[in-house]
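What follows is each chain in one-letter form.
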Amino acid sequence: MDIFKPMDISDDSKKSEIESVEKVRCLIIGSGPAGYTAAIYAARANLKPVLYTGLQMGGQLTTTTEVENYPGYPEGVTGPVMMDDFRNQAERFGTDVRFGIATDADFSSLPHKVTIDGNKLIEADTVIISTGATAKYLGIEAEQKYAGMGVSACATCDGFFYKGKDVAVVGGGDTAAEEATYLAGLCRKVYMIVRRDVLRASKAMQNRVMNTPNIEILWQHQAVDLFGENGVEGATLVKKKGTPEEETVKIKIDGFFLAIGHSPNSGVFSKFIDTDDVGYLKTIPGTSRTNVTGVFAAGDVQDPHYRQAVTAAGSGCMAAIDAERYLAETGR
Ligand SMILES: Cc1cc2nc3c(=O)[nH]c(=O)nc-3n(C[C@H](O)[C@H](O)[C@H](O)COP(=O)(O)OP(=O)(O)OC[C@H]3O[C@@H](n4cnc5c(N)ncnc54)[C@H](O)[C@@H]3O)c2cc1C
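Residues numbered from 1 in each chain as written. Predicted model: local features only at pLDDT ≥ 70, side-chain atom pairs only at ≥ 80, totals over all residues. Heavy atoms only, no water.

Student: How should I be thinking about the pairing of strand E8 (residues 120-129) in this particular structure?
Tutor: Looking along a regular strand, one sees side chains alternate from face to face of the sheet. Summarising burial for E8: eight of the ten residues are buried, a large majority. Where strand E7 (residues 112-116) lies against E8, five bridges are found, and the strand directions are antiparallel. Its bridge partner being in E8, Val-114 is matched across the sheet by Ile-122. Taking the residues that link successive antiparallel strands as the turn, the E7-E8 hairpin has three residues, and the phi of Asp-117 there is positive, at about 55°. Bridge count between E8 and strand E19 (residues 295-297): three bridges; the pairing is parallel. Residue pairing in the sheet places Ile-128 in a bridge with Phe-296 of E19. (Buried < 20%, exposed > 50% of the residue type's maximum accessible area, 1.4 Å probe, protein only. Helix = DSSP H or I, 4+ residues; strand = E, 2+ residues; numbered from the N terminus. Pairing = 2+ DSSP bridges.)

Student: Would you mind going over the side chain of His-112 with me for this structure?
Tutor: Within the secondary structure layout, His-112 lies in strand E7. A distance of 2.8 Å separates a polar atom in the side chain of His-112 from the backbone oxygen of Thr-293. The contact partners of His-112, leaving out residues within four places of it in the chain, are Asp-106, Phe-107, Ile-122, Glu-123, Ala-124, Asp-125, Val-127, Val-292, Thr-293, Gly-294 and Val-295. (Polar contact = N/O pair within 3.5 Å; in protein donor to acceptor, adjacent residues only side chain to side chain. Contact = heavy atoms within 4.5 Å.)

Student: Even after reading the chapter, I still don't get the state of the cysteines, so can you show me in this structure?
Tutor: Two cysteines, two sulfur atoms, one covalent bond between them: this is a disulfide. Following the criterion strictly, the structure yields one disulfide and no others. Bridging Cys-154 to Cys-157, the disulfide has an S-S length of 2.1 Å. When the S-S torsion is 70°, as for the bridge of Cys-154 with Cys-157, the disulfide is right-handed. The thiol sulfur of Cys-26 is not disulfide-bonded, and the nearest other cysteine sulfur, from Cys-317, lies at 13 Å. Relative accessible area serves as the criterion here: at 17%, Cys-317 is assigned to the buried category. (Disulfide = S-S within 2.5 Å.)

By themselves, these figures tell us nothing about what the structure is for.
What follows is the structure, given as structure tokens:
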């Protein structure tokens, strides 16, 4: 099942699949730092939140080992342990954490309606969407093989582990240019692997890249494989693929950073909630409010800029406070 594809429950055949209806004050969708933090605040405000975890209980951080930049863990912590701590804290105040996937939403009238697993209808006074975003990968086998062993989709998260080493950044847009200049401040050498013969990044970002002496752009190169014994030691690239001048090139690197974009997990909601061109949910600046009253968004699903655990948690807190105030103001 494509969990992000909206289903139309106005269609009678779909309606008949609904087996139960439940009314809740605060529904939280997603179990990453944003969702659990919203749950902690909502539970302590007596909103009796129900949280659906989605397929990835604990969110993106459960796929990483060391997290060193989340405040409160001076010695660092593994992603799964940290997310267990989040969950325990949310449950301690009474959050009802359930496994389930939001498969459809109808925000056209009150109460808001969200379908879980295609057969359970939740009617909610407030909804907090915290479904995260998924980094895009090239789709080569080696990315999986070396996950957490040299492959990363987040320079801010993992760049520190490559201090003084050589790394490559894949991509030619603004994110890739930003990640490359960030890494250039930490690493000995940064290769930018760019498929085309131009950068898509803004002129300003291009200038920053061009003026950074330890960044080397590999124009018209595509990464096809990675190699190394106990982690990434190098990448195999194809230069000018599909042309008579095609050649295979190997570079020695310790880290391979993907910077080819993210997909926000917003498809289920985008029928009703305004999004940007990429699909990030739009919130009213300085708040977690969306264009639909009573529906709030937090974390990476509404954040194309920072995408960090601490910013996700912060916006989860905002969403719970906004939900609580909305309920108080509307007397619901
Ligand atoms: C490998 C890796 C390492 C990272 N390292 C760091 C780091 O060191 N420090 C740092 O600050 N950040 C790090 N990040 C980034 C950080 O993980 C994210 O910024 C953060 O997890 C975003 O939190 P979130 O709550 O918005 O979403 P996520 O953590 O993405 O959680 C989204 C949740 O929504 C659920 N969901 C999705 N769709 C549905 C649906 N339809 N119905 C129900 N639930 C749904 C998922 O199951 C998941 O539980 C890393 C990311 C990755 C991938």
